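Okay, here's what each chain looks like letter by letter:
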Amino acid sequence: MDYLKAFLVGGAICVIGQLLMDLTKLTPARVLVAFVTAGAILQGIGIYQAIVDFGGAGATTPLTGFGYSLAKGAMKEVKEAGLLGAFTGGLKSTAGGIAGAIFFGYIMTLLFSPKSKK
Amino acid sequence: MAGKRLGKQTLKLSSPPSVISNAAIVGPKEGEGPLSQYFDQILTDDYFGEDSWEKAESKMLKEAVKSAVKASGRSNTNIDFMFAGDLLNQIVSSSFAARELQIPYIGLYGACSTMAESLCMGSLMIDGGFAEAIVCATSSHFCSAERQYRFPLEQGVQRPPFAQWTVTGAGAAVIAETGSGPYITHATIGKVQDFGIKDANNMGAAMAPAAVDTITAHLNETGRRPEYYDLIITGDLGNIGKAIILDMMQKEGYDITKVYNDCGSMIFDSEKQDTHAGGSGCGCAAVVLNGYIAKEMKKGNINKVLLIATGALLSPTTTWQGESIPCIAHAVAIEKTIGVGV
């Protein structure tokens, strides 16, 4: 059941992204930024947590999940360390994801060369 | 002035230079397309044995020049000038190739209009008596163009359905004072046109008005009808631009349907090869001219051609800043025999 829920939520988020690319003139980079921002705003107003509770990794894996972690981390840190936490909390909670992306990205550039599209 | 100019834009060459040899090199995808039999060399690898696509593009241009010069029966030392350009920043493909070739070099930037632009400038130099033999060349590479103008391929971005596919290829032609043809008889220099299109993926629609302006100027100023030519061919408007051209020419009072085609529409099979709106890039007009048109003219299947190469004069910076795309088109008339009258 968890798999099905994750599939539905994750799939629905990707459908929104595909529609934005097909129906609007937004470039992929802008869709990316919009998704992160949307995730952060939805968490800020208390909606995204409910989506995560329902869809699990289906909601945390897409880019909106990154925005969710940023917002969640910032809010948690504000509670624990005061207002400065709004600036430090987001990066603390997403540090693993960011460092992982840099590290694995670097490894891949050492192992592979880009290929042309077919 | 010695009466070599017809109207405002068209130049009539009084001693038309002869195209004495051609060379066309293409990438693997172009080699699988409908025109594959016309190309002199088809690469099996986009990198052409180099470690970057930029180096591969420059090598293609250099090899195209070398093989055109070889086919002309000359050596680099008796080619007087090289006119070349390409799409990469500061036209590095051409300049880096010229560094190796050691032919006196004039770099041109006309984006995808470079094949016609270089033939125009080379012809004028020969007609003016400043040179005896000149090589004109240009190149483009799908991967280096995507990196510079759109997104790096590593990003894996989806292409919209109206996007064109930059041709991986280079073409070169040697033109000389004497030869048995085909001859470059006229050149029409284009004006920059801008109809406000801002999407760097939608070049065909952006460039079409420039092509229409140049074709109309050419026909009006030479007094020729479209039927005079066996083929009126634009450089890289693709399927969308092609439809716009036919429509806009109709409004100008010329029906070019019977003789018109576009290099970008011809080079790929857009159904089978998933290239969406067709081919684009400097290499597109270059390889179709130096491959297909050159060989068909030699066989006698085509005798009079008007090549209009279109260029989008944008830069990545102007696209990011939301500017529209100014475009240009230059035309050269290539004829098997030098006709009488105009």
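Numbers given to residues run from 1 along each chain, matching the order in which its sequence is written. As they are written, the chains are lettered A onward and the ligands numbered 1 onward, keeping that order. pLDDT decides what is reported in this predicted model: residues at 70 or higher carry local features, side-chain atom pairs at 80 or more are listed and counted, and totals for whole chains, interfaces and linings draw on all residues regardless. The side-chain numbers reported here are obtained from all heavy atoms of the structure, hydrogens and water having been left aside.

**Considering the nonpolar core**
The nonpolar side chains of soluble globular proteins are, as a tendency, buried together. Residue and element names in this part refer to chain B. The cut-off we apply is this: The criterion is simple. A nonpolar core is a set of buried Ala, Val, Leu, Ile, Met, Phe, Trp, Tyr and Cys residues joined through side-chain atoms within 4.5 Å. Working definition: with a 1.4 Å probe on protein chains only, accessible area under 20% of the residue-type maximum means buried, over 50% means exposed, and in between means partly exposed. Think of it this way: any DSSP run of H or I at least four residues long counts as a helix, any run of E at least two long counts as a strand, and we number them from the N terminus. The start and end points of each domain follow an automatic or database-based domain assignment. Contact criterion: two residues are considered in contact whenever any of their non-hydrogen atoms come within 4.5 Å of each other.
If you look at the biggest cluster of nonpolar residues, it comprises 50 residues, and the most contacted ones within it are Leu119, Ile233, Ile267, Val288, Ile293 and Val332. Of all the elements, helix H10 (residues 282–299) adds the most residues to this core, at 9 residues. Counting only domains with at least three residues in this core, you end up with domain 1 (2–176) and domain 2 (183–335). Leave out the neighbours within four places in its chain, and Ile233 touches Asn261, Asp262, Cys263, Met266, Val288, Ile293, Val305, Leu306, Leu307 and Ile308. Among the nonpolar cores identified, the runner-up in size contains 32 residues, and Ala206, Ala208, Ile256 and Ile308 belong to it.

**Brief notes about the layout of surface pockets**
The test is simple: Space inside and on the surface of the protein is sampled on a 1 Å grid over the protein atoms alone, with a cavity defined as a set of points where a 1.4 Å probe fits but cannot get out and a pocket as an open set with protein on both sides within 12 Å along at least 5 of 7 lines; lining residues have an atom within 4 Å of a point. Grid points are joined across faces, edges and corners, and a volume is the space filled by probe spheres set on the points. Each residue receives one of three labels: charged for Asp, Glu, Lys and Arg, nonpolar for Ala, Val, Leu, Ile, Met, Phe, Trp, Tyr, Cys and Pro, and polar for the others, Gly being one of them.
By volume, the largest pocket is sized at about 970 Å³. Looking at the largest pocket, it is lined by 32 residues, and the ones nearest its centre are Lys25 and Thr27 of chain A together with Phe151, Asp199 and Asn201 of chain B. Of all the secondary structure elements, the ones that give two or more residues to the lining of the largest pocket are helix H1 (2–23) and helix H2 (28–44) of chain A together with helix H5 (142–149) and helix H11 (316–320) of chain B. In terms of residue class, the lining of the largest pocket is made up of 15 nonpolar, 7 polar and 10 charged. When residues of the lining of the largest pocket are sorted by domain, at least three fall in each of domain 1 (2–176) and domain 2 (183–335) of chain B. What the second largest pocket holds in volume is close to 420 Å³. Taken together, 17 residues make up the lining of the second largest pocket; nearest its centre are Met21, Pro28, Val31, Leu32 and Leu63 of chain A. Going through the elements one at a time, H1, H2 and helix H5 (63–81) of chain A are the ones with two or more residues in the lining of the second largest pocket. The leading source of residues in the lining of the second largest pocket is H1 of chain A, at 5 residues.

**Examining the domain arrangement of chain B**
For an interface, size is often stated in terms of accessible area lost upon the parts coming together. Residue and element names in this part refer to chain B. Rules: The term buried area denotes the loss of accessible surface (1.4 Å probe radius) that occurs when two parts are joined, taken as the sum for both partners. Polar contact criterion, stated in full: a pair of N or O atoms within 3.5 Å, where within protein one must be able to donate a hydrogen and the other to accept it, and residues adjacent in sequence count only if both atoms are side-chain atoms.
The assigned domain composition of chain B is domain 1 (2–176) and domain 2 (183–335). Each of domain 1 and domain 2 was reduced to a C-alpha centroid, and the two centroids are 16 Å apart. On the side of domain 2, 63 residues touch domain 1, which itself brings 61 residues to the contact. Each partner contributes to the roughly 5,000 Å² buried at the junction of domain 1 and domain 2, and carbon and sulfur atoms together form 63% of this total. Contact with domain 2 buries surface across domain 1, with Gln9, Tyr38 and Gln164 losing the most and accounting together for 17% of the total. Inspection of the region where domain 1 meets domain 2 yields 22 residue pairs in polar contact (both at pLDDT 80 or more). Elements with a minimum of two residues in the side of domain 1 that touches domain 2: strand S2 (10–12), strand S3 (18–26), helix H1 (28–31), helix H4 (114–127), strand S7 (133–140), H5, strand S8 (165–166) and strand S9 (169–176). When its residues are assigned to classes, the side of domain 1 that touches domain 2 shows 33 nonpolar, 18 polar and 10 charged.

**Quick look at the packing of H1 of chain A against H2 of chain A**
Residue and element names in this part refer to chain A. Going by this rule: The axes used here are C-alpha line fits, helices contributing only the stretch in contact, and every angle between their N-to-C directions lies in the interval 0 to 180 degrees. Note that the term roughly parallel is reserved for angles under 35 degrees, roughly antiparallel for angles over 145, roughly perpendicular for angles of 65 to 115, and oblique for everything else. Handedness of a crossing is defined here by the sense of rotation of the near helix relative to the far one, left-handed for an anticlockwise turn of less than a right angle and right-handed for a clockwise turn.
One can describe the packing of H1 onto H2 by two numbers: an axis separation of 10 Å at closest approach and a directional angle of 140°. Relative to H2, the element H1 is oriented oblique. Where H1 crosses over H2, the handedness of that crossing is right-handed. Residues Ile13, Ile16, Gly17, Leu20 and Met21 of H1 form the contact with H2, whose participating residues are Pro28, Val31 and Phe35. Here the contact of H1 with H2 is built from residues that sort into 7 nonpolar, 1 polar and no charged.

**Regarding unusual backbone geometry**
Residue and element names in this part refer to chain B. Omega for the bond connecting Gly181 with Pro182 falls within 30 degrees of zero, at 0°, which places this linkage in the cis form. Residue placement: Pro182 occurs in the loop between S9 and strand S10 (183–188). The phi angle at Gln90 is positive, at roughly 60°, despite the residue not being glycine. Tracing the backbone shows Gln90 in the loop between strand S5 (81–86) and helix H3 (92–101). With phi around 55°, Asp274 is a residue other than glycine that occupies positive phi space. With respect to the helices and strands, the residue Asp274 is situated in the loop between helix H9 (270–273) and strand S13 (279–280). Overall, Asp274 belongs to the partly exposed group, its relative accessible area being 44%.

**A closer look at the packing of aromatic side chains**
To describe a pair of aromatic rings, you give the distance between the ring centres and the angle between the ring planes. Residue and element names in this part refer to chain B. In plain terms, the rule: Each aromatic pair joins two rings of Phe, Tyr and Trp (for Trp, the six-membered one) with centres within 6.5 Å, and gets the label stacked for planes under 30 degrees apart, edge-to-face for over 60, and tilted for any other angle.
Inspection of every chain in the model, using the stated rule, returns 6 aromatic pairs over all chains. Judged by centre distance (5.2 Å) and plane angle (20°), the rings of Tyr47 and Trp53 are stacked. For the pair formed by Tyr47 and Trp53, the shared burial category is buried. With 4.1 Å between their ring centres and 5° between their planes, Phe142 and Trp165 make a pair best called stacked. Linking Phe142 in helix H5 with Trp165 in strand S8, this pair joins segments that are 23 residues apart in sequence. Residue Trp165 is classed as buried on the basis of its relative accessible area of 3%.

**Some words on the pairing of strand S14 (residues 304–312) of chain B**
Residue and element names in this part refer to chain B. Operational definition: At least two DSSP bridges between two strands are needed for those strands to be called paired.
Counting buried positions along S14 yields 8 of 9 residues, so the element is predominantly enclosed. Bridge analysis of strand S11 (residues 231–234) against S14 gives 4 bridges, and the strand direction is parallel. When the sheet's bridge partners are listed, Ile233 is paired in S14 with Leu307.

**Examining the interface of chain B and chain A**
Selection rule: In the sections that follow, a salt bridge refers to a side-chain nitrogen of Lys or Arg positioned within 4 Å of a carboxyl oxygen of Asp or Glu.
Taken together, the contact pairs 14 residues of chain B with 11 residues of chain A. Between chain B and chain A, the buried area comes to about 1,100 Å², and carbon and sulfur atoms account for 59% of it. Where chain B packs against chain A, one counts 0 salt bridges. At the junction of chain B with chain A, the criterion picks out 3 residue pairs in polar contact (both at pLDDT 80 or more). The residue inventory of the side of chain B that touches chain A, partitioned by class, reads 8 nonpolar, 1 polar and 5 charged.

**Re the side chain of Glu57 of chain B**
Residue and element names in this part refer to chain B. Keep this limit in mind: In this charge count, Lys and Arg are treated as positive and Asp and Glu as negative; neither His nor the chain ends contribute.
Its place among the elements puts Glu57 in helix H2 (residues 53–71). Here Glu57 is buried and forms no salt bridge, its nearest opposite-charge partner Arg147 lying at an N-O distance of 9.5 Å. Among the polar contacts made by the side chain of Glu57, one reaches the side chain of Ser93 at a distance of 3.0 Å. Leaving out residues up to four positions away in the same chain, Glu57 has contacts with Asp86, Leu88, Ser93, Ser139, Ser140, His141 and Ser144.

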